[in-house]
Amino acid sequence: MADLMRRLMRSPQGALGLAIVALILLIVACGPWLAPYGPDTMAPRLRYRGPSAEFLLGTDQYGRDILSRLLHGARATVTLACLATGLGTMAGAVIGTTSAFLGGRADEAIMRTIDAIMSIPSLLFALLIVNLLGKSSFSAVMAIGIAFTPGMARVTRSVALAVRKQDYINAAIARGERGVYIVLREMLPNVIAPIVVEMTIRVAFAVMLFATLSFLGLGAQPPASEWGLMVAEARRFMHLSPWMILWPALAVALVAIGFNLLGDGLRDALNPRT
């Protein structure tokens, strides 16, 4: 781990991505305690205020402090995006590794099914799932997790095919080990590096996709302080206060940039050639 951190810090994008993600995780953990006001505290007489000493990022259409809502909303936005990515990663990793282990017609059938699902754009696929499950944060998490599963399955399979040919896999088969044991205990641990890199990068897409679903009214519901929902609510009042839509949009962009940079840094740090 120490060696990985040293290699990660040598990379400019890795060091910057790690710093941004560390800041984001700090806000996720401590945001509610750092917020100067409650996320739903209204002050109708102070609506549409710009940044000031009293309200550092201004106020929204109800006079609520935007900074406080951003700090509270970080926990929902980032945590749910990470949860959705984790669900999609685990499901895709198991499917891809199982497909590589089985090989033959089973592998062909699984991969052609994956290809058919991947032909549907992720956003459209997520919209279909949310419409089936209903409008809620839980539905959005499930939709994003399911939408990410096919891509993770294909990435994992491409790595697991090389692992499948290793001598220790043949030895496990010769010992009579069950297929489930070989997939979970022998193959999965040896394909974890590319999975971690892919998962880190996909968190950025999950944040944007979750924000998009909330923006469309299919994810978090009012009065939640989720960033995509904040953008959706602010668009009607842009002419009165551009700050309302600027700050949550920048927050989503910062998270996406941070996780993308960290993923690039991890890819270089975990590359055996470097």
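So, a few notes on the structure that sits alongside this text. (Residues numbered from 1 in each chain as written. Predicted model: local features only at pLDDT ≥ 70, side-chain atom pairs only at ≥ 80, totals over all residues. Heavy atoms only, no water.)

1. Describing the overall build of the protein chain
To keep things clear, this is the line we draw: Numbering of helices and strands starts at the N terminus; helices are DSSP runs of H or I of at least 4 residues and strands are runs of E of at least 2. Exposure classes here rest on a 1.4 Å probe applied to the protein chains alone. A residue is buried below 20% of its type maximum, exposed above 50%, and partly exposed in between. Should any heavy atoms of two residues lie within 4.5 Å, those residues are considered in contact. Computed by Shrake-Rupley with a 1.4 Å probe, the accessible areas treat only the displayed protein chains as cover when residues are assessed. Under the counting rule used here, the positive set is Lys and Arg, the negative set is Asp and Glu, and His together with the chain ends is not counted. The location of each charge is read from NZ of Lys, CZ of Arg, CG of Asp or CD of Glu.
A count of helical and extended segments in the protein chain gives 11 helices and 0 strands. Along the protein chain, helices (α) and strands (β) appear in the sequence α-α-α-α-α-α-α-α-α-α-α when read from the amino end. In terms of principal-axis extent, the alpha carbons of the protein chain reach across some 75 × 45 × 25 Å. For the protein chain, buried positions account for 45% of its 274 residues. The contacts of the protein chain with a sequence gap of at least 6 include a subset with a gap of at least 24, amounting to 70%. Element-wise, carbon and sulfur atoms account for 67% of the exposed surface of the protein chain, whose accessible area totals about 13,600 Å². Between the mean site of the 24 positive side-chain charges and the mean site of the 16 negative ones, the protein chain shows a separation of 2 Å.

2. Concerning the packing of aromatic side chains
Remark: the centre distance and the inter-plane angle together describe each pair of aromatic rings, the angle taken between the planes. The test is simple: Here a Phe, Tyr or Trp ring, Trp counted by its six-membered ring, pairs with any other such ring whose centre lies within 6.5 Å, and the pair is stacked when the planes are under 30 degrees apart, edge-to-face when over 60, and tilted otherwise. Charge over a ring is defined by NZ of Lys or CZ of Arg lying within 6 Å of the ring centre and within 35 degrees of the ring normal.
Using the criterion set out here, one finds 3 aromatic pairs in the structure. Their ring planes at 35 degrees and their centres at 5.3 Å tell us that Tyr37 and Phe55 sit as a pair that is tilted. Taken together, the residues Tyr37 in the loop between helix H2 (12-34) and helix H3 (66-102) and Phe55 in the loop between H2 and H3 connect sequence positions 18 residues apart. Ring centres of Tyr48 and Phe237 lie 5.9 Å apart, and the angle between their planes is 40 degrees; on these two criteria the pair is classed as tilted. Here Tyr48, found in the loop between H2 and H3, pairs with Phe237, found in the loop between helix H10 (227-234) and helix H11 (243-269); they are 189 residues apart in sequence, far enough to count as distant. The class for Tyr48 is partly exposed, based on a relative accessible area of 22%. It is Arg202 that lies over the ring of Phe148; its NZ or CZ is 5.4 Å from the centre.

3. What about empty space enclosed by the protein?
The probe, sized like a water molecule, is rolled over the atoms to show the empty space still left. Test applied: As defined here, a cavity is a set of points on a 1 Å grid over the protein atoms alone where a 1.4 Å probe fits but cannot get out. A pocket is an open set with protein on both sides within 12 Å along at least five of seven lines, and residues line them when an atom is within 4 Å of a point. Grid points are joined across faces, edges and corners, and a volume is the space filled by probe spheres set on the points. Think of it as three bins: nonpolar holds Ala, Val, Leu, Ile, Met, Phe, Trp, Tyr, Cys and Pro, charged holds Asp, Glu, Lys and Arg, and polar takes everything else, Gly as well.
Applying the stated rule across the entire model yields 1 cavity of 30 Å³ or more. Taken together, Asp60, Gln61, Arg64, Ile66, Arg69, Met230, Glu233, Ala234 and Met244 form the lining of the largest cavity. Put simply, the parts of the chain that give the lining of the largest cavity at least two residues each are H3 and H10. Broken down by element, the residue count for the lining of the largest cavity peaks at 3 residues, all from H10. Of the residues that constitute the lining of the largest cavity, the class distribution is 4 nonpolar, 1 polar and 4 charged.

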